[in-house]
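# Structural overview for review
As a plain string of letters, each chain reads:
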Amino acid sequence: MDVKVLSLFIQIYCEKKHGSAEKFHWEPSEKLQDLGVLPRPLLCKDCLGLIEYSANRRRLCPLDPKPTCRNCEIHCYQGDYRDMIREVMRFSGKYFLVYAFRHGLFKESWEIITHFI
Ligand SMILES: [Zn+2]
């Protein structure tokens, strides 16, 4: 499930950009339990909102395979969240691809990055 990979992206972004903010572990809400065991990254309040929102959108998305956002009819990311997730992808993408390559997550990561930008 790519919420796992997504949470890593957001965590890298939060570490580098919001280093001094107060951090909390993400507690996925109950309705996300059907996604299985989710990671609990340490994030600031804004980023917690983003991961919760993202995970919910993924859960509700009926499309498979997922189109890129630009070609998607649903446009599940609205307004501010869409801007935020795109910034996360642009920022964390370059850090993360190196990590992903080492950890065998390259394909998933690439799919997620290209999904959003
Ligand atoms: Zn943050």
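Refer to the structure above for everything that follows.
Let me begin by describing the structure that accompanies this report. Keep in mind the model is a prediction, meaning the values are calculated, not measured. (Residues numbered from 1 in each chain as written. Predicted model: local features only at pLDDT ≥ 70, side-chain atom pairs only at ≥ 80, totals over all residues.)

The next thing to look at is the overall build of the protein chain. Check the secondary structure of the protein chain and you find four helices and two strands. Helices and strands appear in the protein chain in the N-to-C order α-β-β-α-α-α. Considering the protein chain as a whole, with its 117 residues, one finds that 23% of them fall into the buried category. For the protein chain, restricting intrachain contacts to residue pairs at least 6 apart in sequence, the fraction spanning at least 24 positions comes to 69%. (Helix = DSSP H or I, 4+ residues; strand = E, 2+ residues; numbered from the N terminus. Buried ≥ 20, exposed ≤ 12 C-beta atoms within 10 Å, placed from the backbone. Contact = placed C-beta atoms within 7 Å.)

Here we take up the packing of helix H3 (residues 79-102) against helix H4 (residues 106-116). Running from N to C, H3 and H4 cross one another at 165 degrees; their axes reach a closest spacing of 10 Å. Viewed along their axes, H3 and H4 adopt a mutual orientation that is roughly antiparallel. When you trace H3 past H4, the crossing you get is left-handed. The segment H3 lies against H4, with Ile85, Arg86, Met89, Gly93, Phe96, Leu97, Ala100 and Phe101 engaging Phe106, Ser109, Ile113 and Phe116. Here the residues of the contact of H3 with H4 are counted per class, giving nine nonpolar, two polar and one charged. (Axes fitted to C-alpha atoms, helices over the stretch in contact; angles between N-to-C directions. Parallel < 35°, antiparallel > 145°, perpendicular 65-115°, else oblique. Left-handed = near helix turned anticlockwise from the far one by under 90°. Nonpolar A, V, L, I, M, F, W, Y, C, P; charged D, E, K, R; others polar.)

Here we take up helix H2 (residues 45-60). For H2, built from 16 residues, the straight-helix expectation of 22 Å at 1.5 Å per residue is met to within 8% by its first-to-last C-alpha distance of 23 Å. Listed as buried for H2 are Cys47, Leu50, Ile51, Ser54 and Ala55. One side of H2 carries all its buried residues, which in axial view fall inside an arc of 125 degrees. Counted as exposed and oriented over 90 degrees from the buried face of H2: Lys45 and Leu60. Against the buried residues of H2 lie helix H1 (3-17), strand S2 (42-43) and H3. (Expected span 1.5 Å × (residues − 1). Arc of directions from axis to C-beta.)

As a further point, take the nonpolar core. By size, the foremost hydrophobic cluster in this structure holds 20 residues, and its most contacted members are Phe9, Ile10, Cys47, Ile51, Val88 and Met89. Where this core is concerned, the elements lending two or more residues are H1, H2, H3 and H4. If you tally residues by element for this core, the top one is H1, at seven residues. (Core = buried A, V, L, I, M, F, W, Y, C linked by C-beta atoms within 7 Å.)

In this section: the environment of Lys107. Note on placement: Lys107 falls in helix H4. Overall, Lys107 belongs to the exposed group, with 9 C-beta atoms counted inside 10 Å. Sequence separation between Lys107 and Leu97 is 10 residues; the distance between their C-alpha atoms is 9.5 Å.

The next thing to look at is the environment of Arg58. Counting through the fold element by element, Arg58 comes out in helix H2. Accessibility expressed as a C-beta count within 10 Å gives 16 for Arg58, which makes it partly exposed. Each C-alpha atom, one on Arg58 and one on Leu32, is 9.9 Å from the other, the two residues being 26 residues apart in sequence.

It is the contact of H1 with H2, at a shortest axis distance of 10 Å, that shows an interaxial angle of 160 degrees. Of the possible angle classes, the one that applies to H1 and H2 is roughly antiparallel. Between H1 and H2 the crossing geometry is right-handed. Between H1 and H2, the contacting residues are Val3, Leu6, Ser7, Ile10 and Cys14 on the first element and Cys47, Leu50, Ile51, Ser54, Ala55 and Arg58 on the second. Partitioning the contact of H1 with H2 into residue classes produces eight nonpolar, two polar and one charged.

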